[in-house]
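In case you want the letters, here they are:
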Amino acid sequence: MGNYQNMRATNHSVNGVNLKLLNAAIRFNALMLGLTGGTLAAVIVYVATHTSIARWGSNSSAYLELLAIFFPGYSVTSNGAWVGAFWAFVYAGTCSALSYRLYGRVLGTRIADVLLSTVPTENPVLKPSVLRLHGISLGVAIGAIAALGLFCSTAWLVMRGTADESFHAALFSNYIPGYSVSILGGLLGAVELFALVFLACLLLASVYNRIVEMRHKKP
Amino acid sequence: MNRPVRDHEILSAVFAKMDVPAMTVAMGVVCSLFLFLATTTLLLQAVPQDYPVGPHLESLAAYLPGYRVSWVGAVFGAFYGFLLGAVAGFAAAVYWNLTHYIALGMMLISSAELAD
C-alpha cells in the first residue's frame, strides 16, 4: 500500500494524470476480473449441480446442498442450479474484483514490472503487451480475500447458531491446525489460510512468469 | 527504487493480454500440488486402526474415477488436479483476454460514435 501512497504523493505534484489513469486502470481491470471470476464460478456451480443430479438423481443432495447455508434458495435441482450460479457469480465476482483492487493498490508504481516489455509500443491498446504476474502483490491480494472469506464464513456459522453442528467446516482443521468453528478459530484459520494462499500465489506467479519469459524470449 | 510511471505503461498494463498456455500450465501445477498435498496430509495424520481415512475427500471419487485417499490415489489426484487446474487456467485466461477485447471494441465503437 505504501508504494501506492508514495506514488500518490509523487504524482500529485508532478503529474496528476498518472494517478487518475492508474485508478481508472485498476477499476477497469477489477471489473474485468470480477466478470471473469464470477462467470467461471457460476458455470462451475451450475455444472456441478447438474452433474450431481445426473449421477445420483433424487439422492444427489449430500454435500452440495451444504452450499444453501451461504446461497439462500439453493438446492440440488434444476432451478436450484440457476440460483447457485447466481450466488456464485455474486460471491466470486465480488471477491475477484476486490482481489484486483487490492492487487493494483499493492502493486502501485511497480505496475510496469508486470509487463513483459516496457518499450513504448506503437499502440498499447491495439497491440497489447504480455501480462506478467507480481507474486507478492498477488499473494497479498488473494490471500487477504481468502482469509476474509474464511473468517466471514466461520462467523456466519457462529452467528446462525449452528457452529456445534458444522462438523464439515470443522474438517478444515485437518489442513489448518488450530482452526475451529468459532470466532477465535476463524481468526487463527484466516491467518494460516493467508499464509498458504500467499505461498500458492508465489508458486503460480513464478511458474507463469517463467513460461511467459521462455515463450517470448527474443533470440 | 520507484520511478515515475509513464502513461503508456499504465495503458499497456491495462490491456496486456494474459498468456494462455502459461496460465494453463501454472494453474495446472498449483492445483495438482494442492490435491496431492490435500490427500497426503490426511495420510500422514495418525488415526486409530480400521478407522476410515478421509471419507469426505474420498467422495471426490464420484467425479474423479480412480481417485482414493491413498498414496496411489494421491498420484491420481495430482493428475486430475493438473487437468482441472489447466482447464480452469485456460478458461480464465481466454475469458480475461476476451472480456478485454469486447470492452475495447465497445470503447472504440462509442468513441467513433462520439467523433461522428
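Everything here concerns the structure above.
Figured I'd write up the structure that's included with this text. (Residues numbered from 1 in each chain as written. Chains lettered and ligands numbered in written order. Predicted model: local features only at pLDDT ≥ 70, side-chain atom pairs only at ≥ 80, totals over all residues.)

1. Observations regarding the environment of A:Ala155
All names here are of chain A.
Now for step 1: Looking at where Ala155 falls in the secondary structure, it is placed in helix H4 (residues 135-159).
Now for step 2: The spatial distance from the C-alpha of Ala155 to the C-alpha of Ala68 is 16 Å, given a sequence separation of 87 residues.
Now for step 3: For Ala155, the residues in contact, after removing those within four places along its chain, are Ile183 and Gly186. (Helix = DSSP H or I, 4+ residues; strand = E, 2+ residues; numbered from the N terminus. Contact = placed C-beta atoms within 7 Å.)

2. Topic: the environment of A:Leu31
Now for step 1: On the secondary structure map, A:Leu31 appears in helix H2 (residues 16-56).
Now for step 2: As for A:Leu31 and A:Gly80, which are separated by 49 residues in sequence, their C-alpha atoms are 26 Å apart.

3. Let's talk about the nonpolar core
Now for step 1: If you look at the biggest cluster of nonpolar residues, it comprises 70 residues, and the most contacted ones within it are A:Ala88, A:Ala141, A:Ala146, A:Tyr208, B:Met23 and B:Ala26.
Now for step 2: Going through the elements one at a time, H2, helix H3 (78-107), H4 and helix H6 (183-216) of chain A together with helix H1 (7-15), helix H2 (20-44) and helix H4 (71-115) of chain B are the ones with two or more residues in this core.
Now for step 3: When residues of this core are assigned to their parent elements, the largest contribution, 13 residues, is made by H3(A).
Now for step 4: Residue-level mapping places this core at the junction of two domains, with at least three residues from each of domain 1 (1-114) and domain 2 (135-219) of chain A.
Now for step 5: Look past the residues within four positions of A:Ala141 in its chain and what remains in contact with it is A:Ser99, A:Leu102, A:Tyr103 and A:Val106.
Now for step 6: Counting residues in each nonpolar core, the second largest holds six residues, with A:Ala163, A:Ala169, A:Tyr179 and A:Val181 among its members. (Core = buried A, V, L, I, M, F, W, Y, C linked by C-beta atoms within 7 Å. Buried ≥ 20, exposed ≤ 12 C-beta atoms within 10 Å, placed from the backbone. Domains from an automatic or database assignment.)

4. So, the packing of H3(A) against H4(A)
All names here are of chain A.
Now for step 1: Running from N to C, H3 and H4 point in directions that differ by 140°, and their axes come no closer than 8 Å. Taken together, the axes of H3 and H4 are oblique relative to one another. Where H3 crosses over H4, the handedness of that crossing is right-handed. Residues Cys95, Leu98, Ser99, Leu102, Tyr103, Val106 and Leu107 of H3 lie in contact with H4, whose contacting residues are Ser137, Leu138, Val140, Ala141, Ile142, Ala144, Ile145 and Gly149.
Now for step 2: Residues belonging to the contact of H3 with H4 are distributed by class as follows: twelve nonpolar, three polar and no charged. (Axes fitted to C-alpha atoms, helices over the stretch in contact; angles between N-to-C directions. Parallel < 35°, antiparallel > 145°, perpendicular 65-115°, else oblique. Left-handed = near helix turned anticlockwise from the far one by under 90°. Nonpolar A, V, L, I, M, F, W, Y, C, P; charged D, E, K, R; others polar.)

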